[in-house]
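If you want the building blocks of each chain, they are given just below.
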Amino acid sequence: MSVATGVAIPVGAATLEGDLVLPEEAHGVVVFAHGSGSSRHSPRNRQVAATLNEADIGTLLVDLLTEREEEVDRLTGRLRFDIEFLARRLVGIIDWLRRNPETEALPIGLFGASTGAAAALVAAAVRPEDVTAVVSRGGRPDLALGALPFVQAPTLLIVGGADTTVIELNRRALEALQTEKRLEIVPGATHLFKEPGALDEVARLAADWFARHLG
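Keep in mind it's a predicted model, so treat the numbers as computed, not measured. Numbering of residues starts from 1 in each chain and follows the order in which that chain's sequence is written. Per-residue local features of the predicted model are confined to residues with pLDDT of at least 70, and side-chain atom pairs are confined, for both listing and counting, to 80 or more; whole-chain, interface and lining totals are unaffected and use all residues. Only hydrogens and water are removed before side-chain values are computed, so all heavy atoms of the structure are retained for them.

Q: Requested: an account of helix 6 (residues 198–214), with residues and values cited.
A: Taking 1.5 Å per residue as the helical rise, helix 6 with its 17 residues ought to reach 24 Å, and the 24 Å between its terminal C-alpha atoms agrees with that figure. Only protein chains enter the accessibility calculation, which uses a 1.4 Å probe. A residue is then buried if its area is under 20% of the maximum for its type, exposed if over 50%, and partly exposed in between. Only DSSP runs of H or I reaching four residues or more are called helices, and only runs of E reaching two or more are called strands; each is numbered from the N terminus. Listed as buried for helix 6 are Ala198, Leu199, Val202, Ala203, Leu205, Ala206, Ala207, Trp209, Phe210, His213 and Leu214. Looking at the buried positions of helix 6, the neighbouring elements they touch are strand 3 (29–33), helix 1 (43–54), strand 5 (108–113), strand 6 (131–137), strand 7 (155–160) and strand 8 (181–186). In the stretch just after helix 6, glycine 215 is the one whose phi turns positive, near 75°. A helix is expected to span 1.5 Å multiplied by its residue count minus one. Contacts are assigned to residue pairs with any non-hydrogen atoms lying within 4.5 Å of each other.

If you want it as structure tokens, here you go:
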């Protein structure tokens, strides 16, 4: 049985809204860093999170932008591609998990999609003592190239087989990573993994990776 809680996370001057789910026997918690133009309500991330919960892994789906920032970003598209800004938000969330009595002792994983994957990898490089594993779904880890050599957490990159441009970008990032790493290509899947069974495969791969590395 999992317990779901709405949380408000102070990060600097902002307060970020999140949904924290902790199975009774949780052996880790995974923070979801959504992609450009998305939010904690992303049905794709929620599907993956449900699979992790079934594997006794806690999840925190959180909005990296406040409502006001989302309004500005809808007009300008600026913040969704500001990797350093998003990474700072993730670092603040990681620090909050370490202060929160329910999660302070749990290993932390990061699951990033699109630009959120780059932010997750930068955050992993900044907090190597806290981040235990990283998974990227259709991500742009190439946007974090400068941080990749400093990532210590085992990192899984998942890309759709029909997403040819992103495959090449992920291969470039894979070369830069100096930790345990793997690139998984889901045959026939496009960038959003909308094809039947594609997102189920993403969830399975992510659950296996986190189960192995979060202990």
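Q: Describe the pairing of strand 4 (residues 58–62), listing the residues and the values that go with them.
A: Judged by how many residues are buried, strand 4 sits mostly within the fold: 5 of 5 residues are covered. Of the two faces of strand 4, the one holding Gly58, Leu60 and Val62 and the one holding Thr59 and Leu61 are both buried throughout. A strand pair is defined by DSSP finding two or more bridges across the two strands. Note: strand 2 (residues 14–23) against strand 4, 4 bridges, orientation antiparallel. The partner of valine 21 across the bridge, within strand 4, is threonine 59. Note: strand 3 against strand 4, 4 bridges, orientation parallel. Bridge assignment links phenylalanine 32 to a residue of strand 4, and that residue is leucine 61.

Q: Can you break down the packing of helix 3 (residues 83–99) against helix 4 (residues 115–126) residue by residue, with the values?
A: The packing of two helices is summarised by the inter-axis angle and the distance between the axes. Relative to each other, helix 3 and helix 4 sit at 55°, their axes nearing to 8 Å. One way to sum up the angle between helix 3 and helix 4 is to call them oblique. Judged by the sense of rotation from one axis to the other, the crossing of helix 3 with helix 4 is right-handed. Where helix 3 approaches helix 4, its residues Ile83, Leu86, Ala87, Leu90, Val91 and Ile94 are matched on the opposing element by Thr115, Ala118, Ala119, Ala120, Val122, Ala123 and Val126. Looking at the contact of helix 3 with helix 4, its residues break down into 12 nonpolar, 1 polar and no charged. Structural elements are reduced to axes, namely lines fitted to C-alpha atoms, with helices fitted over the stretch in contact, and the angle between N-to-C directions of any two is expressed from 0 to 180 degrees. Orientation is classified from the angle alone, with under 35 degrees giving roughly parallel, over 145 giving roughly antiparallel, 65 to 115 giving roughly perpendicular, and any other angle giving oblique. Crossing handedness: left-handed means the near helix sits turned counterclockwise from the far one by under a right angle, and right-handed means the same turn made clockwise. Polar here means any residue outside two lists: the nonpolar Ala, Val, Leu, Ile, Met, Phe, Trp, Tyr, Cys and Pro, and the charged Asp, Glu, Lys and Arg; Gly therefore counts as polar.

Q: Which residues make up the pattern of salt bridges, and what are the values?
A: A carboxyl oxygen of Asp or Glu within 4 Å of a side-chain nitrogen of Lys or Arg is what we treat as a salt bridge. Throughout the structure, instances matching the rule amount to 10 salt bridges. The salt bridge partner of arginine 127 is aspartate 95, with a shortest N-O separation of 2.9 Å. Here arginine 127 is found in the loop between helix 4 and strand 6, whereas its partner aspartate 95 is found in helix 3, with 32 residues between them in sequence. A residue is classified by how much of its surface remains accessible, and aspartate 95, at 22% relative accessible area, is partly exposed. A salt bridge links glutamate 184 to arginine 182, with the shortest nitrogen-to-oxygen separation between them at 2.9 Å.

Q: With reference to specific residues and values, describe the nonpolar core.
A: Counting residues in hydrophobic clusters, the biggest one holds 47 residues, and the most contacted among them are Ile9, Val31, Leu60, Val62, Leu90, Ile93 and Leu110. For this core, the element with the most residues is helix 3, which contributes 10 residues. Buried Ala, Val, Leu, Ile, Met, Phe, Trp, Tyr and Cys residues form a nonpolar core when they are joined through side-chain atoms within 4.5 Å. Residues Phe32, Ala49, Val202 and Ala207 belong to the second largest nonpolar core, which totals 25 residues.

Q: Give me the lowdown on the packing of helix 1 against helix 6, citing residues and values where you can.
A: Orientation of helix 1 relative to helix 6, taken along the N-to-C sense of each, is 45°, at an axis distance of 9 Å. If you check the angle between helix 1 and helix 6, you find them oblique. When the axes of helix 1 and helix 6 are compared, the crossing they make is right-handed. Residues Arg44, Gln47, Val48, Thr51 and Leu52 of helix 1 touch helix 6, and the partners they reach there are Leu199, Asp200, Val202, Ala203, Ala206, Ala207 and Phe210.

Read these as spatial facts, not as claims about activity.
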